[in-house]
Amino acid sequence: QVQLVESGGGLVQAGDSMRLSCAASGRTFSSYSMGWFRQAPGKEREFVAAVSWRNDYYSDSVKDRFTISSNNAKNTVYLQMNSLKPEDTAVYYCAAGSRSYATVVNEYDYWGQGTQVTVSS
């Protein structure tokens, strides 16, 4: 069992930066895929970024703007978001899964409660 708690969301202006954190407890997550997803009102939850076996990968919409990283000693994964756009506004969820290189919602087993990110124009 893995518990995930996100933090760091809030309201920013377009062009600003923000860092989200996800603290994991329970089983070690070093052998899992750790991912970030987001869900805007009226839309499906979508993949943002993930790290698996020290490889990171991103959706096309955030590539070159967002960076995922992890600190295994702290059991924490981060999402650094730069050059934020209004279309990045969503609830951001941290997720942990037992499959490698997972990019789909149903490949993840554990989810955090989500943190709201709002980007004003």
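Look up a bit, the structure's there.
As the structure is a prediction and not an experimental result, all values here were calculated from the model. Each chain has its residues counted from 1, following the order in which its sequence is written. Per-residue local features of the predicted model are confined to residues with pLDDT of at least 70, and side-chain atom pairs are confined, for both listing and counting, to 80 or more; whole-chain, interface and lining totals are unaffected and use all residues. Processing note: side-chain calculations cover all non-hydrogen atoms of the structure and skip hydrogens and water entirely.

Student: Please explain the side chain of Arg65 as it appears in this structure.
Tutor: Numbered from the N terminus, helices here are DSSP runs of H or I no shorter than four residues, and strands are runs of E no shorter than two. Tracing the backbone through its elements, the reader meets Arg65 in the loop between β6 (55-58) and β7 (66-71). Exposure classes here rest on a 1.4 Å probe applied to the protein chains alone. A residue is buried below 20% of its type maximum, exposed above 50%, and partly exposed in between. With a relative accessible area of 11%, Arg65 lands in the buried category. For the purposes of these results, a polar contact is taken to be a pair of N or O atoms within 3.5 Å, where, inside protein, one atom must be able to donate a hydrogen and its partner to accept one; residues adjacent in sequence count only when each atom of the pair is a side-chain atom. At 3.0 Å, the side chain of Arg65 forms a polar contact with the backbone oxygen of Ser83. Throughout, a residue-residue contact means that at least one pair of heavy atoms, one from each residue, lies within 4.5 Å. Among residues more than four places away in sequence, those in contact with Arg65 are Gln80, Met81, Asn82, Ser83, Leu84, Lys85 and Asp88.

Student: Sorry, what's going on with the nonpolar core here?
Tutor: Soluble, globular proteins show a tendency: their nonpolar side chains are buried together. Residues grouped as a nonpolar core are buried Ala, Val, Leu, Ile, Met, Phe, Trp, Tyr and Cys residues, joined through side-chain atoms within 4.5 Å. Of all hydrophobic cores here, the largest spans 28 residues; its most connected members are Leu4, Trp36, Leu79, Met81 and Tyr92. In contact with Met81, other than residues within four places in its own chain, are Asp16, Ser17, Met18, Leu20, Arg65, Phe66, Tyr92 and Val117. Counting residues in hydrophobic clusters, the runner-up holds seven residues, among them Phe47, Ala50, Ala102 and Tyr108.

Student: I tried to follow the pattern of salt bridges on my own but got confused; where do I start?
Tutor: Once their charged atoms are close, side chains differing in charge can pair, the charge on each being opposite to the other. The salt bridge criterion pairs a side-chain nitrogen of Lys or Arg with a carboxyl oxygen of Asp or Glu, the two atoms within 4 Å. The final tally for this structure, using the stated rule, is four salt bridges. Its salt-bridge partner being Arg38, residue Asp88 comes within 2.9 Å of it at the nearest N-O pair. You can see Asp88 sitting in the loop between β8 (76-81) and β9 (90-97) and its partner Arg38 sitting in strand β4 (residues 33-39), a full 50 residues away along the chain. Here Asp88 makes a salt bridge to Arg65, at a shortest N to O gap of 2.8 Å. Of the two residues, Asp88 is situated in the loop between β8 and β9 and Arg65 in the loop between β6 and β7; the sequence distance between them amounts to 23 residues.

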